[in-house]
Amino acid sequence: MKRKRRSMGPVVEIILLAVIVSFICLLFSLIGFSGYITEGGTFETTLVVVNNFFSTAGIKHILNNSLVNFQTLEPLVLVILSLIAVSILEASGLLKQIFLPLKKIKPIYVTTIVMFVGIISTIIGDYSYALLFPLAGILYKYIGRSSSLGVLTMFIAITIGYGTGIIYNHQMYELGDITELATQSIINEYNYELLSNIFLLIVSTIILTIAGTIVLEKFSKKYTRNEETDNLNVSKKASRATLITFIILAILFIYCLIPGLPKSGLLLDKTQPTYIGKLFGGKSPLNQGFMFLIIGILMVCGFVYGTVSRNIKNSDDYSKALTKTFEGTGYIFVLLFFMSILYEIIDWTNFSTVISTNIIDFIGSTNISGVLLVILAFLSIIIISIFIPGTMAKWELIAPIYVPLLMRANIAPSFTQTIFLAADSVGKLFSPIYIYLIVAIGFMYKYDKDSNKSIIGTMKKIMPIILILGLVWLVIIVGWYLIGLPIGINSNITL
């Protein structure tokens, strides 16, 4: 019998990737490889060179900052907070009450629900990964499917959803500000409107949900099923009590988002002139404390359901329930530690920045226009996203060049931003250094320890799905451009 070959594992892969990047940076430093960053608004350029990690300064920087960088790694905090919330929901039996009836419907419809929820969940930004990964794993457990498949499906759905989604979010608010600055070399005053691309986003959400469901159902045949084995009680009485509690909390939450009423607007940044700014501004209590609010609501609902259903009998049970989902998650934190070191190396050496700026400058020097320019911009952003998965940092680099370039080709800034978001979502799926791919692998290991999860192995498995969804996105963008339909309210593709 032929023995199955095992991969090196994600920890070793991350270390090996860090070593490869370090040697590439050494080479780039010796040959003087550099690039120029263009500042939005001023359009001044700054020279950026690749730093040698093996220098004294490089070694000292990593030694001085590795622990601090790990402590400040955003996914670390988000995963811990989400696990607290999901733990009480699982231990109380509330998730069993919600998910078990879904076992009666066809698997393809469950996949459709997961795809749609994942895509629109980007309204809460990166919180969606941390919160929905364990929920997807538990859902698939209760319906008799592979929990690893649930996590992977949710990863693909959320990531591809970063390019679309039918609800305005904080990221689009900030991206719009960068887009406005980037237009100033062509138009002195340009305002990015809230609903400037809403038609395209709604249509793309529907198409990507359908396409994702079809390819993921074919892909799911490779995964073995698992069965739900817990003995938690389900209770209609507890469900009613929990629903009433949730409605009360939801009303209070919404009231805190309404300005002008007695004691209302608690979650708004009242220093901002517009309501969108009040909601999504950098100092907005909603933006800063969203995860804390969600955890609070879920903890209360879990406590109510668990107490009424008798799955939680006393305060000691409640305390233990808050840690239930933490079981088997140590692997996630180990992976995040090594990823934080890799990220620090990439950041200090300017490796990704210099490569990306050279790609950006090349595209900016081209003389093509029309549909070829749209395709070239889309593909180049995917490549850049492999090196810089972060959306905001990438748009700050790209926008000062791409927005004016496409404006000269009579393409509106709002459509350029839409092209960016679509390509950014596809590029994240291609990137082996995307932090939430690593988190997804950690959760897959939690639910399936016998399977040898790896970065390379996982990406090889989902590569056909990524290619198909990437092609679907490209067809949507190019098709919309060629037809010339409005992309939003009072917003067209052309200027």
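As the structure is a computational prediction, the values presented were derived from the model and not from experiment. By convention here, each chain's residues receive numbers from 1 onward along its written sequence. Residue-level local features of this predicted model are given only where pLDDT is at least 70; pairs of side-chain atoms are given and counted only at 80 or more, and the full residue set underlies all totals for whole chains, interfaces and linings. Side-chain metrics rest on all non-hydrogen atoms present in the structure, leaving aside hydrogens and water.

**Concerning the overall build of the protein chain**
To keep things clear, this is the line we draw: Labels follow the DSSP assignment, with helices taken as runs of H or I lasting at least four residues and strands as runs of E lasting at least two, numbered in each case from the N terminus. Computation of the radius of gyration draws on C-alpha atoms alone. For the globule rule, the value is 2.2 Å times the number of residues to the power 0.38. A simple rule labels every residue: compare its accessible area, found with a 1.4 Å probe on the protein chains alone, to the largest value its type can have, and call it buried under 20%, exposed over 50%, or partly exposed in between.
When you go through the protein chain residue by residue, the secondary structure sums to 20 helices and 2 strands. Relative to its length of 495 residues, the protein chain is compact, with a C-alpha radius of gyration of 23 Å against a globular reference of 23 Å. Taking the principal axes of the C-alpha coordinates as reference, the protein chain spans close to 70 × 65 × 45 Å. Across the 495 residues that make up the protein chain, the buried fraction comes to 54%.

**Observations regarding the pattern of salt bridges**
Our working definition: Salt bridge criterion: a side-chain nitrogen from Lys or Arg within 4 Å of a carboxyl oxygen from Asp or Glu.
If you walk through the whole model with that rule in mind, you get 5 salt bridges. Between K141 and E90 there is a salt bridge whose closest N-O contact spans 3.3 Å. Taken as a pair, K141 in helix 6 (residues 127-142) and E90 in helix 3 (residues 74-92) lie far apart in primary sequence, 51 residues in all. A salt bridge links R145 to E217; its shortest N-O distance comes to 3.3 Å. Separated by 72 residues along the polypeptide, R145 in the loop between helix 6 and helix 7 (147-161) and E217 in helix 9 (residues 198-219) bring together distant segments of the chain. Residue R145 shares its accessibility class with E217, and that shared class is buried.

**Let's talk about empty space enclosed by the protein**
Definition in use: Buried and open spaces are told apart on a 1 Å grid over the protein atoms alone, a cavity being a set of points where a 1.4 Å probe fits but cannot get out and a pocket being an open set with protein on both sides within 12 Å along at least five of seven lines. Residues with an atom within 4 Å of a point are the lining residues. Grid points are joined across faces, edges and corners, and a volume is the space filled by probe spheres set on the points. Residues are grouped as follows: nonpolar covers Ala, Val, Leu, Ile, Met, Phe, Trp, Tyr, Cys and Pro; charged covers Asp, Glu, Lys and Arg; every other residue, Gly included, is treated as polar.
Evaluation of the coordinates by the stated rule reveals 2 cavities of 30 Å³ or more. Around the largest cavity, the lining residues are Y36, I37, T38, T357, I360, D361, L397 and I401. Elements supplying a minimum of two residues to the lining of the largest cavity: strand 1 (34-38), helix 15 (351-364) and helix 17 (391-408). In terms of residue class, the lining of the largest cavity is built from 5 nonpolar, 2 polar and 1 charged. Here the second largest cavity is characterised by a volume of approximately 30 Å³.

**Some thoughts on unusual backbone geometry**
Even without a glycine there, the phi angle at N350 is positive, about 65 degrees. Tracing the chain through its elements places N350 in the loop between helix 14 (330-349) and helix 15. Here N490, not a glycine, exhibits a phi torsion of approximately 55 degrees, which is positive. Secondary-structure assignment places N490 in the segment after helix 20 (455-483).

**So, the nonpolar core**
Cut-off, in case you're wondering: For the purposes of this section, nonpolar cores are sets of buried Ala, Val, Leu, Ile, Met, Phe, Trp, Tyr and Cys residues that join through side-chain atoms within 4.5 Å. Only heavy atoms matter for contacts: two residues are in contact if any of them lie within 4.5 Å across the pair.
In terms of nonpolar packing, the biggest core is built from 149 residues, with F133, F155, F378, Y402, F415 and W473 touching the most fellow members. For this core, the element with the most residues is helix 20, which contributes 14 residues. With residues near it in sequence (within four places) discarded, F415 still touches L200, I477, Y481, I487 and I493. With 6 residues, the next largest nonpolar core counts A91, I312, Y318 and L322 among its residues.

**As for the confidence of the model for the protein chain**
Applicable threshold: pLDDT is defined as a per-residue confidence score from the predictor, taking values between 0 and 100.
The predicted model of the protein chain averages 87 in pLDDT, with 96% of residues at 70 or higher. For the protein chain, per-element mean pLDDT is lowest for helix 11 (residues 275-280), which scores 76, and highest for helix 16 (residues 370-387), which scores 94.

**Remarks on the packing of helix 7 against helix 9**
Condition: Note on definitions: angles span 0 to 180 degrees between N-to-C directions of axes, and those axes are lines fitted to C-alpha atoms, for helices only across the stretch in contact. Should an angle fall under 35 degrees it is taken as roughly parallel, and over 145 as roughly antiparallel, whereas 65 to 115 is taken as roughly perpendicular and any remaining angle as oblique. By convention, the crossing between two helices is left-handed when the near helix turns anticlockwise from the far helix through less than a right angle, and right-handed when the turn is clockwise.
Direction vectors running N to C along helix 7 and helix 9 enclose 155 degrees, while the axes themselves pass 11 Å from each other. It follows from the interaxial angle that helix 7 and helix 9 lie roughly antiparallel. Of the two elements, helix 7 crosses helix 9, and the hand of that crossing is right-handed. Where helix 7 approaches helix 9, its residues L149, L152, T153, I156 and I160 are matched on the opposing element by L208, L216 and F219. Taken together, the residues of the contact of helix 7 with helix 9 break down into 7 nonpolar, 1 polar and no charged.

**Structural notes on the side chain of T179**
Our working rule: N or O atoms closer than or at 3.5 Å make up a polar contact, with two conditions inside protein: a donor-capable atom paired with an acceptor-capable one, and, for residues adjacent in sequence, both atoms drawn from side chains.
Mapped onto the secondary structure, T179 falls in helix 8 (residues 170-182). In terms of polar contacts, T179 uses its side chain to reach the side chain of Q417, at 2.5 Å. Apart from residues no more than four positions distant in its own chain, T179 is found in contact with Y190, W395, V403, P413 and Q417.

**Considerations on the packing of aromatic side chains**
This is how the line gets drawn: A pair of Phe, Tyr and Trp rings is counted when the ring centres sit within 6.5 Å of each other, with Trp represented by its six-membered ring. The angle between the planes then sorts it: under 30 degrees is stacked, over 60 is edge-to-face, the rest tilted. We call a charge positioned above a ring when the Lys NZ or Arg CZ atom is no farther than 6 Å from the ring centre and deviates by at most 35 degrees from the ring normal.
With the rule as written, the count across this model stands at 20 aromatic pairs. Measuring from ring centre to ring centre gives 6.5 Å for F133 and F155, while their planes differ by 50 degrees; the resulting arrangement is tilted. Here F155 lies in helix 7 and F133 lies in helix 6, a separation of 22 residues in the sequence. By relative accessible area, which is 1% here, F155 ends up buried. An angle of 75 degrees between the planes, with centres 5.3 Å apart, marks the rings of F337 and F338 as edge-to-face. Assessed through its relative accessible area of 25%, F337 is described here as partly exposed. Directly above the aromatic system of Y142 lies the positively charged group of K141, at a separation of 4.8 Å from the ring centroid. For K428, the ring lying beneath its charged end belongs to Y162, and the centroid distance is 5.1 Å.

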